[in-house]
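Remarks on the overall topology
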Amino acid sequence: MSQINKLKIFNDPIYGFITIPNALIYDLIQHSYFQRLRRISQMGLSYLVYPGANHTRFHHALGCMHLMQKAVDVLRFKGVAISEEEENALYIAILLHDIGHGPFSHAMEKSIVEDVHHEAISLLFMNQLNEEFNGQLSLAIQVFKGEYHRKFMLQLISSQLDMDRMDYLKRDSFYSGVAEGNVNSERLIQMMNVVDDVLVIEEKGIYSVEKFLMSRRLMYWQAYLHKTSLVAELILTKVLKRAKELTLKGVQLPCSEPLLFFLQNRIALENFDSNILDLFSQLDDFDIISALKSWQRQDDFILSSLSKMIINRDLPKIKVVTDKALLDEIGPLQERFAAENNLSIADTNYFIFKGKIKNQAYSKEAEPIRILKKDRTIEDVVEASDQLNLKSLSKLVTKYYICFPKQLV
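To start, this report covers the structure provided alongside it. Model, not experiment: these values are computed from the prediction. The residue numbering used here restarts from 1 in each chain and proceeds along that chain's sequence as written. Residue-level local features of this predicted model are given only where pLDDT is at least 70; pairs of side-chain atoms are given and counted only at 80 or more, and the full residue set underlies all totals for whole chains, interfaces and linings. Side-chain descriptors were evaluated using all non-hydrogen atoms of the structure, hydrogens and water having been removed beforehand.

1. What about a positive patch on the surface?
Rules: In this scheme, patches are assembled from residues that exceed 30% relative accessible area and form no salt bridge. Like charges are connected within 9 Å, while nonpolar side chains (Val, Leu, Ile, Met, Phe, Trp, Tyr) are connected within 5 Å. Accessible areas in this description were obtained via Shrake-Rupley with a 1.4 Å probe; residue shielding takes into account the shown protein chains only. We define a salt bridge as a side-chain nitrogen of Lys or Arg found within 4 Å of a carboxyl oxygen belonging to Asp or Glu. Under the convention used here, Asp and Glu are negative, Lys and Arg are positive, and both His and the chain ends fall outside the count. Charge placement uses NZ in Lys and CZ in Arg. For Asp and Glu, CG and CD serve respectively. Put simply, DSSP marks the helices as runs of H or I at least four residues long and the strands as runs of E at least two long, and each gets a number from the N terminus on.
On the surface, Lys324, Lys354, Lys356 and Lys358 cluster together into a positively charged patch. Residue placement: lysine 354 occurs in strand S6 (residues 353-359).

What follows is the structure, given as structure tokens:
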């Protein structure tokens, strides 16, 4: 295929036209590892709350690359030297930053591929692609791992004000209809600069940073930690755990071959060789949904009941409170449910459980968002801001939840 055919454009509902900058990026997008992201939803099961939230990680990755193109243009205009090789590394690193997500990502990480973080799997995919593309991703991998000497490059990919967050807040807000999450990514990017190889935001952009942090907090409470999204993801985690438990006991469950492999085997990061990576790359949301549809009719009461809850959106009751002490003691609920359904108390943990959720829009422990003042001094955004709410945004808010079947109300 000639080079010219690879300079395609995508029509994005948020940014308009997104251009593919070169043939290598085109080939990476065309790769089956990346095309798989079309079949992985960006917001997991949030479409059970917000029917429009059906956009994919493919969408998001392209949006991040587009914002990175804007950032490179702005920084170069302000005199920051970025070579063509560095520019390409930034595009590749941001394009592939989420490639390691499994179906309904967070539920997978807690049940099937236990304790293997999606970022570690992203790196495995990048290393595999680097071999296939004869080392052309080497610099991107260095930047992604934080090993490149120009610190601001990692900050553009992974920090408290990176292209990833700028795109997902704007995109998730757009598709879910939660208007509070809409951030002015264009303005934020225009305000970026680099001082001593560190990313800063010029002082006149401080209100845009405040709005960005406030939007992030609101999106967490209204979308990502919405109690129905939360309970759906918790139930999905429990379905997959139950499926794995039954499979390891020798029960034959209908599902796709890649899913069956991960149900039959305990995979740690050190076991993730190229064959397992290839199997992982064949997993997407469709494997899980089609398995749940089959599992509704299984003999196992726990597996079939939990599968029906998600497929029919008939989810358990969830109570969210700020005071841990207000949570009802779950013992009596478990005893009643066990008696009514002929279950052991241990098995009722699939239906009745409690936990906690945390929301912190800005962390003082992490790399700060730095504001470049007019006198050229640099300050943490919390100190530079005259808004008292920024101090409260950096407080960790913890809430507690209890889930139980509706018939126990």
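2. So, helix H17 (residues 330-341)
Given 3.6 residues per helical turn, the α-helix brings residues three or four places apart onto the same face. This is how it is decided: Take the number of residues in a helix, subtract one, and multiply by 1.5 Å to get its expected span. Only protein chains enter the area calculation, which uses a 1.4 Å probe; residues under 20% of their type maximum are buried, those over 50% are exposed, and those in between are partly exposed. Arc definition: it is the arc formed by the directions from the helix axis to the C-beta atoms.
Over its 12 residues, H17 runs 16 Å from end to end, which matches the ideal 16 Å to within 8%, given 1.5 Å per residue. Among the residues of H17, Ile330, Gly331, Leu333, Gln334, Phe337 and Ala338 are the ones counted as buried. The buried residues of H17 occupy one face: seen down the axis, they fall within an arc of 160 degrees. More than 90 degrees from the buried face of H17, the exposed residues found are Pro332, Glu335 and Ala339.

3. Examining the side chain of arginine 57
Basically, it comes down to this: Contacts are assigned to residue pairs with any non-hydrogen atoms lying within 4.5 Å of each other.
By the secondary structure assignment, arginine 57 is in helix H3 (residues 57-77). A relative accessible area of 5% means that arginine 57 is categorised as buried. Once you skip the residues sitting within four places of it in the chain, arginine 57 turns out to touch Leu37, Ile40, Ser41, Gln42, Asp98, His101 and Ser105.

4. Here's the deal with the environment of serine 105
Locating serine 105 in the fold gives a position in helix H5 (residues 105-109). When the C-alpha atoms of serine 105 and serine 256 are compared, they prove to be 18 Å apart, with 151 residues separating the residues in sequence.

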